[in-house]
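Listed here are the chains, written in short residue letters.
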Amino acid sequence: MARAEQPPSAERDGEVTARLREAIIDLVCERSYAQTSVVAICDRVGVEVDVFTRAYGSKEQAFLRIYSEESERLLAATRGAYDSEETWRDALRAAAYATARWIQRHPRETRFCVLEALSAGEAARLEREKTLWHFIDLVDRSRQGLDDPGSVPQSFAAAIVGAIAEMLLRRIAAGKDLSRAESLVPEMMYIAVRPYVNKDEAEQELSLPPPPHV
Amino acid sequence: MTLPGPLAKQPVGRTRLSRATVEEHQRERILTAAIAVFAKRGFQQTSIDNIVAAAKTSVGSFYGLFKGKGDCFLHCYERIVSRARRDIEALLPEDAGWPERASAALGGILGLLEEDPMAARIVFVEAQTAGCEGLARYEQTIDSVLPALRGGRSLSAGGESLPANLEEATAAGVAWLLHERLVSGSGAGSRELLPELAAIVIGPYVGEAEARRLARS
């Protein structure tokens with residue numbers, strides 16, 4: 001039996017929602033969350049405010065939905081890369097390159113999620129923290145490679161991820177080009193593995209190439 | 001009877017404070033109240049009305065001293081950071097080497113978290129949510145400790161070959177841990193973090209065991 005065709009209005013709604021989505025990301029990145037109004041978003045797309053309200057509800061709900069979608073995409077890419085490797089170091093390196101390459105391909109979305117989320121209300125700030133805790137969990141798995149996993153506290157993984165997030169934030173806030181984010185990976189990998197390996201092993205990270213399949 | 005000068009009563013109400021003194025008192029009252037309000041409500045959720053109510057002053061008095069909420073926040077931030085710098089510098093042992101001074105500085109920062117968690121929250125939590133200028137001040141604070149951190153390289157064989165961004169990562173990582181401590185509760189018990197922070201900050205240059213020994217001492 002043939003599938004019923006989607007009514008034209010549903011397609012139009014989907015297209016308008018997509019255009020609203022792009023306008024929200026653009027305007028928040030241009031003006032900040034606080035300075036972006038629903039009216040301005042609607043003006044950019046050429047729709048009435050009730051269209052926005054039907055699609056997203058409120059400005060805050062729109063931000064949170066877009067944040068959730070983008071962070072899920074990033075985490076899926078990162079976890080996929082991590083799970084593709086056998087050893088914890090190779091897995092972490094693959095995840096690091098996957099993250100850096102996602103940032104390079106999605107600079108607007110990176111700014112939206114890393115910088116603008118800080119000023120988009122408490123719920124957005126909490127979602128941002130939850131995202132970071134997913135990364136902290138990945139780094140903290142490095143302890144399983146130790147003879148005594150309890151010898152390195154979880155706070156080390158938290159400090160590593162917090163440090164990398166902060167360094168990314170600083171570069172975004174300074175308007176730096178993110179197109180070469182992966183050039184930072186070797187140094188970040190040195191910092192990330194150093195608590196779990198000796199100095200010579202950590203220094204190897206400074207010259208290891210990216211995994212070929214990421 | 002005529003009393004000596006210092007004991008002679010002044011007529012009530014005749015002693016006038018200078019305008020500058022009155023303004024300074026008002027400014028201090030508003031900043032003290034604002035720090036508490038920003039810490040409890042968050043920068044985004046704080047209004048000028050919240051601040052003037054807590055300070056028991058008027059909106060007019062507020063605008064006589066500050067350009068707006070953001071300006072008030074930045075003054076709060078600067079007051080906290082300059083006092084913290086002064087207090088921490090007073091704790092640093094003068095004749096000690098870099099590891100001992102770094103450990104003392106970390107202890108000082110954790111002490112401030114315990115003793116004044118609201119002020120610590122302004123720096124480590126709210127500044128990043130306070131728009132471009134708040135974030136810029138926070139970044140400047142991080143940058144200001146990097147030269148001191150780089151002092152550790154002289155203790156490490158091959159110190160100059162350590163990654164160029166190591167100190168930036170260290171400062172940012174410690175700031176994140178303090179942020180998490182504050183958002184997940186209060187500053188109570190923060191000093192117990194000292195051995196871990198010492199391992200993170202001092203460990204890369206002198207080894208983790210020595211860093212933890214210093215923290216315990």
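Keep in mind that what you see is a predicted model, and the values were worked out from it rather than measured. (Residues numbered from 1 in each chain as written. Chains lettered and ligands numbered in written order. Predicted model: local features only at pLDDT ≥ 70, side-chain atom pairs only at ≥ 80, totals over all residues.)

### What to know about the overall build of chain B
Now for step 1: For chain B, the helix and strand inventory stands at 11 helices and 0 strands.
Now for step 2: Counting helices and strands in the order they occur from the N terminus, chain B gives α-α-α-α-α-α-α-α-α-α-α.
Now for step 3: Over its C-alpha atoms chain B spans a radius of gyration of 22 Å, topping by over 25% the 17 Å that the globule rule assigns to 217 residues.
Now for step 4: Along the first, second and third principal axes, the C-alpha set of chain B runs to 75 × 50 × 30 Å.
Now for step 5: Taking all 217 residues of chain B together, 39% fall into the buried category.
Now for step 6: Across chain B, every contact between residues at least 6 apart in sequence was considered, and the portion connecting residues at least 24 apart equals 63%. (Helix = DSSP H or I, 4+ residues; strand = E, 2+ residues; numbered from the N terminus. Rg over C-alpha atoms; globule rule 2.2 N^0.38 Å. Buried ≥ 20, exposed ≤ 12 C-beta atoms within 10 Å, placed from the backbone. Contact = placed C-beta atoms within 7 Å.)

### As for the interface of chain A and chain B
Now for step 1: On the chain B side, the residues contacting the 22 residues of chain A number 22 residues.
Now for step 2: Elements represented by at least two residues in the side of chain A that touches chain B include exactly α7 (122-140), α8 (154-173) and α9 (185-193) of chain A.
Now for step 3: Among the residues making up the side of chain A that touches chain B, the classes are represented as 11 nonpolar, 5 polar and 6 charged. (Nonpolar A, V, L, I, M, F, W, Y, C, P; charged D, E, K, R; others polar.)

### A word on helix α5 (residues 88-105) of chain A
Now for step 1: Here α5 of chain A spans 26 Å end to end across 18 residues, near enough to the 26 Å set by a 1.5 Å rise per residue.
Now for step 2: With 13 of 18 residues buried, α5 of chain A lies mostly within the body of the structure. (Expected span 1.5 Å × (residues − 1).)

### Thoughts on the nonpolar core
Across soluble globular proteins, you tend to see nonpolar side chains buried next to one another.
Now for step 1: Ranked by size, the top nonpolar core spans 120 residues in total, and within it Ile160 of chain A together with Ala34, Cys76 and Ile122 of chain B carry the most contacts.
Now for step 2: Element by element, the count of residues in this core is highest for α8 of chain A, at 12 residues.
Now for step 3: Formed jointly, this core draws a minimum of three residues from each of two domains, domain 1 (8-57) and domain 2 (67-204) of chain A.
Now for step 4: In this structure, Ile160 of chain A is in contact with Val139, Ile191 and Ala192 of chain A together with Gly173 of chain B, ignoring residues within four places of it in sequence. (Core = buried A, V, L, I, M, F, W, Y, C linked by C-beta atoms within 7 Å. Domains from an automatic or database assignment.)

### Some thoughts on the domain arrangement of chain A
Residue and element names in this part refer to chain A.
Now for step 1: Partitioning chain A into domains gives domain 1 (8-57) and domain 2 (67-204).
Now for step 2: For domain 1 and domain 2, the distance between their C-alpha centres works out to 30 Å.
Now for step 3: Tallying the contact residues gives 6 residues for domain 1 and 7 residues for domain 2.
Now for step 4: Of the residues in the side of domain 1 that touches domain 2, the class split is 5 nonpolar, 1 polar and no charged.

### Notes on the packing of helix α1 (residues 19-41) of chain B against helix α2 (residues 48-55) of chain B
Residue and element names in this part refer to chain B.
Now for step 1: Across the interface, α1 lies against α2 with an axial gap of 8 Å and an inter-helix angle of 125°. Compared by their axis directions, α1 and α2 come out oblique. Taken as a pair, α1 and α2 cross one another with a handedness that is right-handed. Contacts between α1 and α2 involve Arg29, Ile30, Ala33, Ala34, Ala36, Val37 and Arg41 from the former and Asn50, Ile51, Ala54 and Ala55 from the latter.
Now for step 2: Here the contact of α1 with α2 is composed, by residue class, of 8 nonpolar, 1 polar and 2 charged. (Axes fitted to C-alpha atoms, helices over the stretch in contact; angles between N-to-C directions. Parallel < 35°, antiparallel > 145°, perpendicular 65-115°, else oblique. Left-handed = near helix turned anticlockwise from the far one by under 90°.)

### As for the environment of Ala33 of chain B
Now for step 1: By the secondary structure assignment, Ala33 of chain B is in helix α1.
Now for step 2: Distance in space between the C-alpha atoms of Ala33 of chain B and Leu17 of chain B is 22 Å, their sequence separation being 16 residues.

### Considering the packing of α8 of chain A against helix α8 (residues 166-183) of chain B
Now for step 1: At a minimum axis distance of 7 Å, the contact between α8 of chain A and α8 of chain B shows a crossing angle of 115°. What the angle tells us is that α8 of chain A and α8 of chain B run roughly perpendicular. Classified by chirality, the crossing of α8 of chain B by α8 of chain A is right-handed. Of α8 of chain B, the residues touching α8 of chain A (which contributes Ser155, Ala158, Ala159, Ile160, Gly162, Ala163, Glu166 and Met167 of chain A) are Glu168, Ala169, Ala172, Gly173, Val174, Ala175, Trp176, Leu177 and Glu180 of chain B.

### With respect to helix α6 (residues 117-126) of chain B
Residue and element names in this part refer to chain B.
Now for step 1: Most of α6 is tucked away: 8 of the 10 residues are buried.
Now for step 2: Residues of α6 that are buried: Ala119, Ala120, Arg121, Ile122, Val123, Phe124, Val125 and Glu126.
Now for step 3: In the core, the buried residues of α6 are packed alongside α1, α4 (69-91), α5 (98-115), α7 (131-150) and α8.

### Quick notes on the environment of Arg54 of chain A
Now for step 1: Relative to the helices and strands, Arg54 of chain A is located in helix α3 (residues 49-56).
Now for step 2: Owing to 13 C-beta atoms within 10 Å, Arg54 of chain A belongs among the partly exposed residues under this scheme.

### Focus on unusual backbone geometry
Now for step 1: For Ser32 of chain A, which is not a glycine, the phi torsion comes out positive at approximately 90°.
Now for step 2: Along the chain, Ser32 of chain A turns up in the loop between α1 (8-31) and α2 (38-45).
Now for step 3: The class of Ser32 of chain A is partly exposed, set by 15 C-beta atoms lying within 10 Å.
Now for step 4: One non-glycine residue, Lys56 of chain B, lies in the positive phi region at around 55°.
Now for step 5: Take Lys56 of chain B: it is sitting in the loop between α2 and α3 (59-65).
Now for step 6: Given 9 C-beta atoms within a 10 Å radius, Lys56 of chain B is considered exposed.

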